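# Reading the structure
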Amino acid sequence: MSYSNINNPVNYQLQGFGQNGVRTISTDQLYIQGEYYRVLVAEEDSYVTAVSVLGDDLTAEFVYAGTTIYGLFTEVSVSSGSLTAYIAGPTDIEDVWAYINAYGQTNAATIEAADCAKDAIAPLLDKYYAKASLVMVPSLYKTSIVYSERPLTTDGQLAFTRSNDTATRVGPDGYIEKVRTNLLLHSQAFDNAGWVKVTGGTATAPVVTANAAVAPDGTTTADRIQFSVTGTTGSDFSIIRQGVAGLTGSTTYAFSVYLRSNTGASQDIILYDQNSGTTLTASVTTTWQRFTFNRTTGAGTTTFIPSIAVIGNINSGDKDILAWGAQLEYSDFGATDYIPTTASAVSVGPVANLPRLNYPINSDGSVGCPSLLLEPQRTNLCLWSESFDNAAWTKSQTSITANNTTSPDGYVNADRLAGDGTSNVHSIFQSITVANATSYAWSFLAKKNTHNFIQLSGSAAGFGLNVWANFDLNNGVVGSVGSSTTARIDNYGNGWYRCTIIGTSVANTAVNMNLLLVNSATSARGEINTISKSVFLYGCQMEAGAYATSYIPTLGASVTRGADACSKTGISSLIGQTQGTLFAEVEFDTNSTDLVNRIFSVTDGTTTSRILMCANTDETFRFIVSVAAATVVNITTSASIFGGRHKVAFAYKANDFIAYVDGVQVGSNTAVSSVPASLTAAYIGTVEGGASSQILEGTVSQALLFKTRLTNQELQDLTTL
């Protein structure tokens, strides 16, 4: 390793390196993991630490200003001072991502949409990635944590919360992903004591041999179960069963299990719930099959006892079968994908405190890059949101065929709604109680079958005569809209659209919320017609709020989804205390119902001292600086901010505050000398201090922090990358 002193390091030129081959490394600007440096030049007296690929690492090495160090270095940092580092070749996003990916794997994070994250980070590498103290592009997460790509330390692990297991998202396959739970324990271990072996009459108890054969997943985890029933009455039985208590009455459950004959011939096995007289005879062949038994519990029944049996008066004799993958779940149509369990029930999907990466469906039906979904608490007041054959739904000159086609969640559980062809109003509706002077969003997922047009409306008693709209399911557009209504239609892929109307109630009353079959996109409210054609329906939602949030499934009662919150405290080292920059890429669902709709802020942990980017109820961006509970900077844009994604930046420094949106300067303040003190926390889409109101109503695709006030040119460039 060699050192030399040069008189003018600022003008020092190294052949073969252009502008993009130079990196400034200081206490405010770190190295990039995955990047290598050939030459280090001290701009001032510095203490340098670096890993040398050629040997002789530097550990807090003191060097004078003007000193040049030759070698091949990575992980370069300074505890004081500043370096110019000349990059050994162009920075490769694949090298950088290798470090990020390895960090995620080490922390057992789920890693999604890597290509999308790399595409977002790559344009930042030459300049902004190294300058940023925090870079979060939603891609790595696990329960309670959203991981930043920079820094790859605990400081970059953002805390995330959302109560209960009722949330959904659109997943990477483009389908709505719900929380699913296997309520059975030891789903692959029928020898476990949790599976009770019972016998009656002349029969013997089932005999289980664990791990006796190869299961459907290729592992040797299938159990052998041998039954012997010589009697031929209902009192002669051999059963293996497991009771599940604490269930919801009047709810449909699906019990499923994989079975295969262990002899050379088919055998009949009985599946049933001990609380029901209904049984399913499963003809078990020499190949694996999944059998499903559905049952709706009674109003006061809270226990389901899934049973595999041989019963004398139905299928007596000796039976020798293989079993694997038992599952009991809430389902009105059948079994969903198998979820293995051991000593406790297991839930999958967007469970409590799990961040949601939500994927948009592009206009051509393809799945786009995800964003971090952040929503306020909402309640779906619509009951049996997928079961339109349920008595909670009144059918007027229409009929329902349950589970008739594939729904937006990928299972065959969408219903068909058909008119009866008489001259009348053809509708389906549910009575829902609303509060006076409150905004409500009424939404359905619908798909064309033999008919194109539907109408959504609220009855006059609760909403007057002008809360309604028509929707064209063939072209995916909104038709005529009532004068007191906001309407939108969103593409959910495979011909499915989410149709939404928003209106304000006019009384405290029970109202009929309607879906009608109408003749055209310009049909009048409550049209009378002779339609006999049909559409497909799935996922009804009625919620108090000015827009429709992500779908919340319901059964016989309303369901509430908790609010999302994302923040990080104790990171004063990542936040510029006298100057800095906040940047976010954000998309709003609709106009905010709160005074300020949070995007991104740095604070002292409260609302007393903060630097904040937010949205207003008048559909504008707002940039706020508060010092000692007083608002000292308040910059507001003039143009509407909704409809598509926006890149927003707010730079701060004494007498130098400036805001940019999508490459355009939208405001500045050069008359305020105060910058908030003791900035220790960052909040993304979340209120400082954790309040539940004013949460972001949308998604965040990127969030960056800088400890320096970027130049105006840099702000313009960053918000147009």
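Source: prediction; values computed, not measured. (Residues numbered from 1 in each chain as written. Predicted model: local features only at pLDDT ≥ 70, side-chain atom pairs only at ≥ 80, totals over all residues. Heavy atoms only, no water.)

## A few points about the confidence of the model for the protein chain
- On average, residues of the protein chain score 92 in pLDDT, and 94% of them reach the 70 mark or higher.
- Throughout residues 1–19 the model reports pLDDT below 50, and contacts reaching past four residues in sequence, or to other chains, amount to 43 contacts.
- Low pLDDT (under 50) marks residues 591–595, which in the prediction has 22 contacts with non-local residues, meaning those over four places away or in another chain. (pLDDT = per-residue confidence, 0-100. Contact = heavy atoms within 4.5 Å.)

## Describing the sheet that holds strand E37 (residues 477–481)
- Spatially, E30-E33-E40-E35-E36-E37 is the arrangement adopted by the six strands of the open sheet, whose pairing is antiparallel. The open sheet terminates on both sides in strands that have one partner only, identified here as strand E30 (394–396) and E37. Sheet twist, expressed as the average angle between the axes of neighbouring strands with direction ignored, equals 25°.
- Where E30 lies against strand E33 (residues 427–434), three bridges are found, and the strand directions are antiparallel. Looking at the pairing, Lys395 lines up with Ile428 of E33. (Pairing = 2+ DSSP bridges. Helix = DSSP H or I, 4+ residues; strand = E, 2+ residues; numbered from the N terminus. Axes fitted to C-alpha atoms, helices over the stretch in contact; angles between N-to-C directions.)

## What about the sheet that holds strand E31 (residues 398–406)?
- Strands sit in the order E31-E32-E41-E34-E39-E38 across an open sheet of six strands; the sheet is antiparallel. If you trace the sheet from one side to the other, it starts and ends with E31 and strand E38 (486–493), each paired once. Sheet twist, expressed as the average angle between the axes of neighbouring strands with direction ignored, equals 35°.
- Note that strand E34 (residues 439–448) and strand E41 (residues 534–544) share eight bridges and pair antiparallel. What sits directly across from Leu445, in E41, is Tyr538.

## Focus: the nonpolar core
- Residues Met136, Ile599, Phe600, Met613, Phe623, Phe650 and Ile684 are the most contacted members of the largest nonpolar core, which totals 41 residues.
- Looking at which element gives the most residues to this core, the answer is strand E44 (residues 579–588), with four residues.
- If sequence neighbours within four positions are ignored, Phe623 has contacts with Leu612, Met613, Val633, Asn634, Ile635, Thr637, Val648, Ala649, Phe650, Ala659, Val661 and Val666.
- Counting 33 residues, the second-largest nonpolar core is a separate cluster that includes Leu417, Ile432, Tyr440 and Cys540. (Core = buried A, V, L, I, M, F, W, Y, C linked by side-chain atoms within 4.5 Å. Buried < 20%, exposed > 50% of the residue type's maximum accessible area, 1.4 Å probe, protein only.)

## Some remarks on the pattern of salt bridges
- In this structure the tally under the stated criterion is 20 salt bridges.
- The partner of Glu35 in a salt bridge is Arg23, and the shortest N-O contact between them spans 2.7 Å. With a gap of 12 residues between them, Glu35 in the loop between strand E2 (22–26) and strand E3 (37–42) and Arg23 in strand E2 connect regions that are remote in the sequence. Comparing Glu35 with Arg23, the two get one shared label, buried.
- Taking the shortest distance from any N to any O, the salt bridge between Lys178 and Glu386 comes out at 2.9 Å. (Salt bridge = Lys/Arg side-chain N within 4 Å of Asp/Glu carboxyl O.)

## Topic: the state of the cysteines
- Across all of its chains, the model carries two disulfides by this definition.
- Here Cys116 engages in a disulfide with Cys369; their sulfurs sit 2.1 Å apart. When the S-S torsion is -80°, as for the bridge of Cys116 with Cys369, the disulfide is left-handed. Taken together, the positions of Cys116 in helix H2 (residues 114–121) and Cys369 in the loop between strand E27 (357–358) and strand E28 (371–374) put the pair 253 residues apart, joining distant regions of the chain.
- Its relative accessible area of 21% is what places Cys116 among the partly exposed residues.
- Given a relative accessible area of 32%, Cys369 falls into the partly exposed group.
- Sulfur-sulfur distance for the disulfide between Cys382 and Cys540 comes to 2.5 Å. On the sign convention where negative means left-handed, the S-S torsion of about 120° between Cys382 and Cys540 marks this disulfide as right-handed. Here Cys540 lies in strand E41 and Cys382 lies in the loop between strand E29 (378–380) and E30, a separation of 158 residues in the sequence. With respect to class, Cys382 is no different from Cys540; both count as buried.
- By sequence order of its bonded cysteines, the protein chain has the disulfide arrangement 1-2, 3-4.
- Free of any disulfide, Cys499 has its nearest neighbouring cysteine sulfur in Cys540, separated by 12 Å. (Disulfide = S-S within 2.5 Å.)

## Brief notes about helix H1 (residues 93–106)
- With 14 residues, H1 should cover 20 Å at 1.5 Å per step; its first-to-last C-alpha distance of 20 Å lies within 8% of that length.
- For H1, the set of buried residues is Ile93, Val96, Trp97, Ile100, Tyr103 and Gly104. Buried residues in H1, looked at end-on, bunch into an arc of 120°, giving them a common side. Exposed side of H1, more than 90 degrees from the buried face: Gln105 and Thr106 are the residues found there.
- As for H1, its buried residues are in contact with strand E8 (110–111), H2, helix H3 (128–131), strand E10 (140–142), strand E11 (145–147) and strand E12 (157–161).
- The backbone nitrogen of Glu94 has a side-chain oxygen 2.9 Å away, supplied by the residue at the start of H1, namely Asp92.
- Note on H1: the residue one or two positions beyond its end, Ala108, has a positive phi of about 60°. (Expected span 1.5 Å × (residues − 1). Arc of directions from axis to C-beta. Polar contact = N/O pair within 3.5 Å; in protein donor to acceptor, adjacent residues only side chain to side chain.)

## Considering the packing of aromatic side chains
- With the rule as written, the count across this model stands at 19 aromatic pairs.
- Aromatic side chains Tyr253 and Tyr330 sit 5.0 Å apart centroid to centroid with 40° between the ring planes, which places their arrangement in the tilted category. In this pair, Tyr253 is assigned in strand E20 (residues 252–261) and Tyr330 in strand E25 (residues 317–330), connecting sequence segments 77 residues apart.
- When the ring of Trp442 is compared with that of Phe444, the centres are 5.2 Å apart and the planes differ by 90°; the resulting orientation is edge-to-face. The two residues Trp442 and Phe444 agree in class, both being buried.
- Each member of the aromatic cluster is reached from another via a ring pair, and the members are Phe388, Trp393, Trp442 and Phe444.
- Over the face of the ring belonging to Phe304 we find Arg295, whose NZ or CZ atom lies 5.5 Å from the ring centre.
- A cation over a ring is seen here: Arg378 above Tyr547, with NZ or CZ 4.8 Å from the ring centre. (Phe/Tyr/Trp six-rings, centres within 6.5 Å; stacked < 30°, edge-to-face > 60°. Lys NZ or Arg CZ within 6 Å of the ring centre and 35° of its normal.)

## As for unusual backbone geometry
- For the bond running from Arg150 to Pro151, omega is 0°, close enough to zero to count as cis.
- Take Pro151: it is sitting in the loop between E11 and E12.
- Non-glycine residue Glu75 carries a positive phi angle of around 50°.
- We classify Glu75 as partly exposed; its relative accessible area is 34%.
- In this structure, Asn494 takes a positive phi of about 55° despite not being glycine.
- Tracing the sequence through the fold places Asn494 in the loop between E38 and strand E39 (496–504).
- Taking relative accessible area as the criterion, Asn494 reaches 57% and is therefore assigned exposed.

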